Amino acid sequence: MNIAEIKNMTAEIQEEVIEWRRHFHQHPEVAYEEVETSQFIYDTLNNFDGLEVTRPTKTSVMARLVGTGEGKTIALRADIDALPVQEENVLPYASKHPGKMHACGHDGHAAVLLGVAKILASKKNEICGEVRFLFQHAEEVFPGGALEMVEAGVMDGVDLVIGSHLWSPLETGKIGIAAGPVMAAADTFYITVEGNAGHAGLPHQAVDAITIASQVVTNLQQIVSRNADPIESLVVSVTKIHGGTAMNVLPGSVEIAGTVRLFTEENRDLAKTRMEQIIKGITEAHGAAYSFEYREGPDPVVNDEKLAAIIEESAQSLFGQEAVVPMKPNMGAEDFSGYLTKAPGVYFFTGIGNKGKETDYPHHHSRFNIDEDALTNSVNMFVYTVMKLLG
C-alpha cells in the first residue's frame, strides 16, 4: 500500500473509529474489571476476516494476523482500562458509570487499534510475516497487565513491539518520538508511623504521630534535592497521608504513601536506602516506631534507536518534517516496558492537544478529552509502519 491508499482507507473508517472510541468512553471500566470492554473488542475483531482472536487473560484480547509470506512478527499494543475519576465533561458520550472515566486516552487507544486491525486484515495478502494486536487490561495499576500478558505468551516469537499514547501536551497533528528512555519507572512506597495516642491538650503524655509523620514527609524531599545527582531525573512524591479521627485526639498512627519515578537502578537503590534511613532516624529520635514497604513497579520504557528512527521516518513520510517533535523523557510511567523484556520496541506519542476544542487538559484530569481528528493520525502511523516493515 502506498501513502495515498493508506490515508484513503483510514479516512473511510474514521467515523467508525470515533464511534468505537465514544462507546468505550461511555462505558469505562477500571483495571481488572474490563469485562464488557474486552468482550466488545473480542466481538468486533471477530467481524474482521483473517484474524485469530483469543483471550490471553480474563479481560484482555489478542488477535493474530498471519500474512501470506514469511517475515517478522510485530506486536501492536493498546491499553483499555479507565480510571476511578468522576467525569466533569458535558458531552453526549460522557461516562455513564459514576466515579469512572477514560481520563487518559485508553478509549482512543483501543479504538485506534481496532481500526488498524480492520485495515491490515483487509490487506492480509500483502503482508509478509505476522501482526499481533494486543488489547491490554490494567495498565493504570501496579503491577500492571503487561507482565500478565507476557506470562500468558503473547510475546512468544515476537521480533518487535510498537505502542503509542494519545498525548494532550502535544498539539494535534504532531508526532512525538525519541530514542532511548522515554518514560520512567514507577515504584510505590507505604509508610506507617507508629506513635502513642493521647489527649490533644496533653501532648506530653503522647507520642504525636502526625508531627513525626510531617517531618518524614518534609525530609523525604531532601533525597532529590541533596542526595541525587542533579543531572539525573528522580522524583519522590508523597501522594497520600492519613491519620486522626477527632479534633481533640492525637492519633496513634499515621499512614503515608506515594511514588518514586526514576530511570536507573542506581537511583532506585539510592531512593530506597535513603528513605529507610530518614524514616528510621526521625521516628527513633521522637520515640516512635515505623513500618516501611517499597515496591518496585514497571521499569522505564526505553525505545530502540533503530525502531525510533523508523517511526520518525513514518511520521515524516505521512505528515511532513514539521510534524515530528523530538520528545524529552518524562516522569510518567507505562507498563509497556514489560513487553520490552521480550523484544525491542518503540513507544511514540500522537498529539491530541487542541485548545479550541478544550482537549488540552492534562491526563487523569476530570475534564480530559481527545481531539478525535487525531485518531486517524495514530491509525495512519501504525498501518504505514507495519506495511513498511512487513509489506
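See above for the structure.
Here the structure is a predicted model, which means the values were calculated and not measured.

Q: Can you tell me about a negative patch on the surface, naming the residues and giving the values?
A: Together, Asp229, Glu232, Glu266 and Asp269 line one region of the surface with negative charge. Among the residues examined, Glu266 registers a relative accessible area of 57% and is labelled exposed.

Q: Would you mind going over the environment of Ala138 in detail, with residue names and values included?
A: As for its placement among the helices and strands, Ala138 is situated in the loop between strand 4 (128-136) and helix 5 (145-151). Here Ala138 falls in the buried class, since its relative accessible area comes to 0%. Taking the C-alpha atoms as reference, Ala138 lies 19 Å from Trp20; in sequence the two are 118 residues apart. Setting aside residues up to four positions removed in sequence, Ala138 forms contacts with Ala31, Tyr32, Glu34, Asp81, Gly144, Gly145 and Asp335.

Q: I'd like a description of the pattern of salt bridges, backed by residues and values.
A: Evaluated as defined, the whole model comprises 23 salt bridges. For Glu130, the salt bridge goes to Arg64, with nearest N and O atoms at 2.7 Å. In this pair, Glu130 sits in strand 4 while Arg64 sits in strand 2 (residues 61-66), placing the two residues 66 residues apart along the sequence. Taking relative accessible area as the criterion, Glu130 reaches 8% and is therefore assigned buried. A relative accessible area of 24% means that Arg64 is categorised as partly exposed. A salt bridge links Arg77 to Glu334; its shortest N-O distance comes to 2.9 Å. Taken together, the residues Arg77 in strand 3 (residues 69-79) and Glu334 in the loop between strand 15 (330-333) and strand 16 (345-353) connect sequence positions 257 residues apart. Each member of the pair, Arg77 as well as Glu334, carries the same accessibility label: buried.

Q: Requested: an account of helix 3 (residues 35-45), with residues and values cited.
A: For helix 3, the complete set of buried residues consists of Thr37, Ser38, Ile41, Thr44 and Leu45. Each buried residue of helix 3 lies within a common arc of 130° when the element is viewed along its axis, so the set occupies one face. On its buried face, helix 3 sits against helix 2 (14-26), strand 1 (52-54), strand 2, helix 4 (106-122) and strand 4.

About the criteria used
- Throughout, a residue's number is its position along its own chain's written sequence, starting from 1.
- In keeping with the predicted nature of the model, local features appear solely for residues at pLDDT of at least 70, side-chain atom pairs appear and are counted solely at 80 or more, and the whole-chain, interface and lining totals rest on all residues.
- The basis for the side-chain values is all heavy atoms of the structure; hydrogens and waters are excluded.
- Residues with no salt bridge and a relative accessible area higher than 30% make up the patches, which join like charges within 9 Å and nonpolar side chains (Val, Leu, Ile, Met, Phe, Trp, Tyr) within 5 Å.
- We get accessible surface area from the Shrake-Rupley algorithm with a probe of 1.4 Å; when it comes to residues, only the shown protein chains can shield them.
- By convention in these notes, a salt bridge is any Lys or Arg side-chain nitrogen within 4 Å of a carboxyl oxygen on Asp or Glu.
- We score Asp and Glu as negative and Lys and Arg as positive, and we do not count His or the chain ends.
- Note that the charge is assigned to NZ on lysines, CZ on arginines, CG on aspartates and CD on glutamates.
- Each residue is placed in one exposure class: buried if its accessible area under a 1.4 Å probe, protein chains only, is under 20% of its type's maximum, exposed if it is over 50%, and partly exposed if it falls in between.
- Helix and strand assignments follow DSSP, with helices taken as H or I runs no shorter than four residues and strands as E runs no shorter than two, numbered in order from the N terminus.
- Residues count as neighbours in contact if any of their non-hydrogen atoms are within 4.5 Å of one another.
- The arc refers to the directions leading from the helix axis to the C-beta atoms.

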